[in-house]
Amino acid sequence: SYVQSSEAFSRFFGDGATLGYGLSVAGLELARNAALPLHVRHVEALSPAAAQGVQRGDQVVSINGRSAADLVAADDFGALTPAQAGDTLSLVLRRAGADRTVNLTAAVFNLSPVGGAAVQTTAGGRKLGYVSVKDMVSQALSPFDAAMASFQAAGVQDVVLDLRYNGGGLVSTGATLASYLAGSRGTGLNYATLKFNSAHQASNSHYRFSNPGAALNLPRVIVLMGPRTCSASEQVINGLRGAGV
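Residues numbered from 1 in each chain as written. Predicted model: local features only at pLDDT ≥ 70, side-chain atom pairs only at ≥ 80, totals over all residues. Heavy atoms only, no water.

Asks: Now, about the layout of surface pockets: what can you tell me, with residues and values included?
Replies: Here the largest pocket is characterised by a volume of approximately 1300 Å³. What lines the largest pocket is a set of 37 residues, and nearest its centre among them are Phe12, Thr18, Arg41, Thr81 and Lys134. Taken together, the elements giving at least two residues each to the lining of the largest pocket come down to helix H1 (6–15), strand E1 (17–20), strand E2 (23–25) and strand E3 (38–43). If you tally residues by element for the lining of the largest pocket, the top one is H1, at 5 residues. Residues belonging to the lining of the largest pocket are distributed by class as follows: 16 nonpolar, 14 polar and 7 charged. His42, Val114, Gly115, Gly116 and Ser132 are, among the 17 residues lining the second largest pocket, the residues nearest its centre. (1 Å grid on protein atoms, 1.4 Å probe; cavity = no way out; pocket = protein on both sides within 12 Å on 5 of 7 lines; lining within 4 Å. Points joined across faces, edges and corners; volume = space filled by probe spheres on them. Helix = DSSP H or I, 4+ residues; strand = E, 2+ residues; numbered from the N terminus. Nonpolar A, V, L, I, M, F, W, Y, C, P; charged D, E, K, R; others polar.)

What follows is the structure, encoded as structure tokens:
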């Protein structure tokens, strides 16, 4: 669990935007092993980090003068979360053996919750669609619909849903995403039920599968997940299982 201001909550879940530098690192995955290199694991497309050319896979040498080894050992990556717009962050990054210093200024920017949509042909000749969903916000729905429509037009037989960096969000968004994958298999079925205690039974609510026009009706979905896959993204997995996917 965590605490955030109403302003930050409304910005993220209402506007589909966030305050930050726009990069995150793979510190959790290292489990405090300071002997391993620290890398950038994600860069938001419309962020200050992206504007300065930071890329996923860049090795982090230091952050605000602290070595990556020190940060990993302390499990302290708080510097990547600014308190306000205008805060600054200094990074030394290594790519292809060359180091460079990148200075970032925190700003509010729009999220890019869906990315990487592409169709591949496997070695066995099957059409496979890949798509990454990072944030369960309403702004994910339009690009996800476009991705599913392109998969439908290409006749994909399998879909890889990348939820490795998805920390959750709106149940309603997860229900819609699951509906695109399950299609008619889930129509009318219950996706999730939110139950309150005896004092608030009137607040109980149900989310059901729908059958969008670009739905794929897949018998299986390949999910990429990791230690950051939680909450509404886990619910997508369990919701699909409930529909027989």
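Asks: Run through the packing of helix H5 (residues 171–182) against helix H6 (residues 232–242), naming residues and quoting values.
Replies: Two elements in contact, H5 and H6, have axes whose closest approach is 9 Å; the angle formed by their N-to-C orientations is 45°. When the axis of H5 is compared with that of H6, the two are oblique. When the axes of H5 and H6 are compared, the crossing they make is right-handed. Contacts between H5 and H6 involve Val171, Gly174, Ala178, Leu181 and Ala182 from the former and Gln235, Val236 and Leu240 from the latter. (Axes fitted to C-alpha atoms, helices over the stretch in contact; angles between N-to-C directions. Parallel < 35°, antiparallel > 145°, perpendicular 65-115°, else oblique. Left-handed = near helix turned anticlockwise from the far one by under 90°. Contact = heavy atoms within 4.5 Å.)

Asks: I'd like a description of the packing of aromatic side chains, backed by residues and values.
Replies: Considering all chains together, one arrives at 4 aromatic pairs under this definition. With centroids separated by 4.9 Å and ring planes inclined at 70°, the aromatic side chains of Phe12 and Phe13 adopt a geometry described as edge-to-face. The exposure class assigned to Phe13 is buried, which follows from its relative accessible area of 17%. Centroid distance Phe144 to Tyr180: 5.7 Å. Interplanar angle 75°. Geometry classified as edge-to-face. (Phe/Tyr/Trp six-rings, centres within 6.5 Å; stacked < 30°, edge-to-face > 60°. Buried < 20%, exposed > 50% of the residue type's maximum accessible area, 1.4 Å probe, protein only.)

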